[in-house]
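# Structural overview for review
Each chain is listed here by its residues.
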Amino acid sequence: MVQKSDKIWFDGKLVPWDEANVHVLTHALHYGTGVFEGIRAYECSNGKSAVFRLEEHMERLLDSAKIIGLKVPFDRDQLVEATVATLKANGLKAGYVRPLVFVGAGAMGVHPGQNPIQVCIATWPWGAYLGEEALEKGIRVKCSSFTRHHVNVMMTKAKSCGNYVNSVLAKTEAVADGYDEAIMLDPQGYVAEGSGENIFMVKDDVLYTPPLHNVLGGFTRDSVMTLAADLGYEVREATLGRDMLYIADEVFFTGTAAEITPIREIDRRTIGEGKAGPLAKLLQAEFFGVVKGENPDYAFWLHEYEV
Ligand code: PPE
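Residues numbered from 1 in each chain as written. Predicted model: local features only at pLDDT ≥ 70, side-chain atom pairs only at ≥ 80, totals over all residues. Heavy atoms only, no water.

With that settled, consider the environment of D63. Within the fold, D63 resides in helix 2 (residues 54–68). Placed 48 residues apart in sequence, D63 and H111 show a C-alpha to C-alpha distance of 20 Å. (Helix = DSSP H or I, 4+ residues; strand = E, 2+ residues; numbered from the N terminus.)

Take unusual backbone geometry next. We note that D205 has phi near 70 degrees; this positive angle belongs to a residue other than glycine. Topologically, D205 is positioned in the loop between strand 11 (198–203) and strand 12 (206–209). In this structure, D267 takes a positive phi of about 50 degrees despite not being glycine. Note on placement: D267 falls in the loop between strand 15 (259–266) and strand 16 (269–270).

Within the structure, the ligand sits among 22 residues, and Y96, Y129, Y164, T220 and T256 are positioned closest to it. Within the side chain of K159, a nitrogen or oxygen atom sits 3.1 Å from an oxygen atom of the ligand. A distance of 2.5 Å separates an oxygen atom of the ligand from a polar side-chain atom of Y164. Considering the ligand on its own, with 550 Å² of exposed area, one finds that the protein chains cover 93% of that surface. Among the detected pockets, the ligand sits in the largest pocket. Each residue belonging to the shell around the ligand can be placed in one class, and the counts come to six nonpolar, ten polar and six charged. (Near = heavy atom within 4 Å. Polar contact = N/O pair within 3.5 Å; in protein donor to acceptor, adjacent residues only side chain to side chain. Areas by Shrake-Rupley, 256 points an atom, 1.4 Å probe, with all protein chains shown as cover. 1 Å grid on protein atoms, 1.4 Å probe; cavity = no way out; pocket = protein on both sides within 12 Å on 5 of 7 lines; lining within 4 Å. Sits in = over half its atoms within 2 Å of the grid points. Nonpolar A, V, L, I, M, F, W, Y, C, P; charged D, E, K, R; others polar.)

A separate point is empty space enclosed by the protein. Any empty space left between atoms is shown by rolling a water-sized probe over those atoms. Evaluation of the coordinates by the stated rule reveals two cavities of 30 Å³ or more. In this structure, the largest cavity occupies an estimated 40 Å³ of space. Lining the largest cavity we find R40, Y42, F52, H57, T220, T256 and F287. Residue composition of the lining of the largest cavity, by class: three nonpolar, three polar and one charged. Estimated volume of the second largest cavity: approximately 40 Å³. Looking at the second largest cavity, the residues that line it are D249, E250, V251, P262, I263, I271, K275, A276 and G277. Elements represented by at least two residues in the lining of the second largest cavity include exactly strand 14 (250–255) and strand 15. Looking at the lining of the second largest cavity residue by residue, the classes come out as five nonpolar, one polar and three charged. (Points joined across faces, edges and corners; volume = space filled by probe spheres on them.)

Pairs can form between side chains of opposite charge whenever their charged atoms are close. Taken as a whole and judged by the stated rule, the model has 18 salt bridges. Across the pair R40 and E259 runs a salt bridge whose closest N-O atoms are separated by 3.6 Å. Placement of R40 in strand 4 (residues 39–43) and of E259 in strand 15 is noted, with a sequence separation of 219 residues between them. Look at R40 and you get buried, because its relative accessible area is 5%. E259 sits in the buried class, given a relative accessible area of 6%. In this structure, E59 engages R76 in a salt bridge whose closest nitrogen and oxygen atoms are separated by 2.5 Å. Note that E59 is positioned in helix 2 and R76 in helix 3 (residues 76–89), a separation of 17 residues in sequence. Judged by its relative accessible area of 36%, E59 is partly exposed. Ionic contacts of the salt-bridge type, sharing partners, join the residues R53, E56 and D222 into one network. (Salt bridge = Lys/Arg side-chain N within 4 Å of Asp/Glu carboxyl O. Buried < 20%, exposed > 50% of the residue type's maximum accessible area, 1.4 Å probe, protein only.)

Below, the structure written as structure tokens:
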């Protein structure tokens, strides 16, 4: 169960958590016509707090809305301000932030017509997505029997609600089969991403990740590529077959929720030493240092606030 907070920002106002409700004929409930974001706030070592890459997340939210044709009644700066106001109202020094833009109730039928576009921002405490142990020991995953979206079937750059049925299918199958998470292959059979994460592999000290053709341009992905390059590692975007992952030295997922989660087994094959690899560990240390405000070189990624 998600841990309740006091307030949710809903269409411009902070309302009590239990009163942030919608009608059952909400268009998005029927047709998946919504877009969302996942953002994290971290408690910093100086006692303040910071939201990680907040402005960029809100820009991606507006881009997602644009892709599926929703006109958002708030601009980026209003959404940024609303996020900080919600975290403060909930007294959260750290937590997960979930903005959602969706087509509300009005007319039924696929065409959203003049239905209202509603916006909410919820915040709550959320620990490690795949468990604390996952961050240290790594997880077991399988390549899904479900294919990731073709770019011209679902818009893969839109973090749209409807897109995530594909993720739900993959994740549910993986968990039912005894795995922690799924790796999804694209319609050509190449590695795309996790159900809610980007993916990286390490081979001979080079870091590889699939190009952005048909995967979400993750901010954790971008942060990891930047940190690795700044540490002197070669970073390449490359089309990868699943067999490249099998023989990699390390494989790991990145995402706001998943942070940097090492993968120790894929399709019953042990990856590397079968535990978090050295580069994954190094990048985790760097990343957690950055989000906690311990590295002034990347302070521009942080939106500070005080509870
Ligand atoms: N790919 C997908 C499909 C995805 O959903 C995410 C984030 C990413 C990549 C990584 O993007 P970024 O967070 O900007 O590094 N998934 C969000 C939702 C997860 C959920 O289960 O809900 C998240 O991590 O917040």
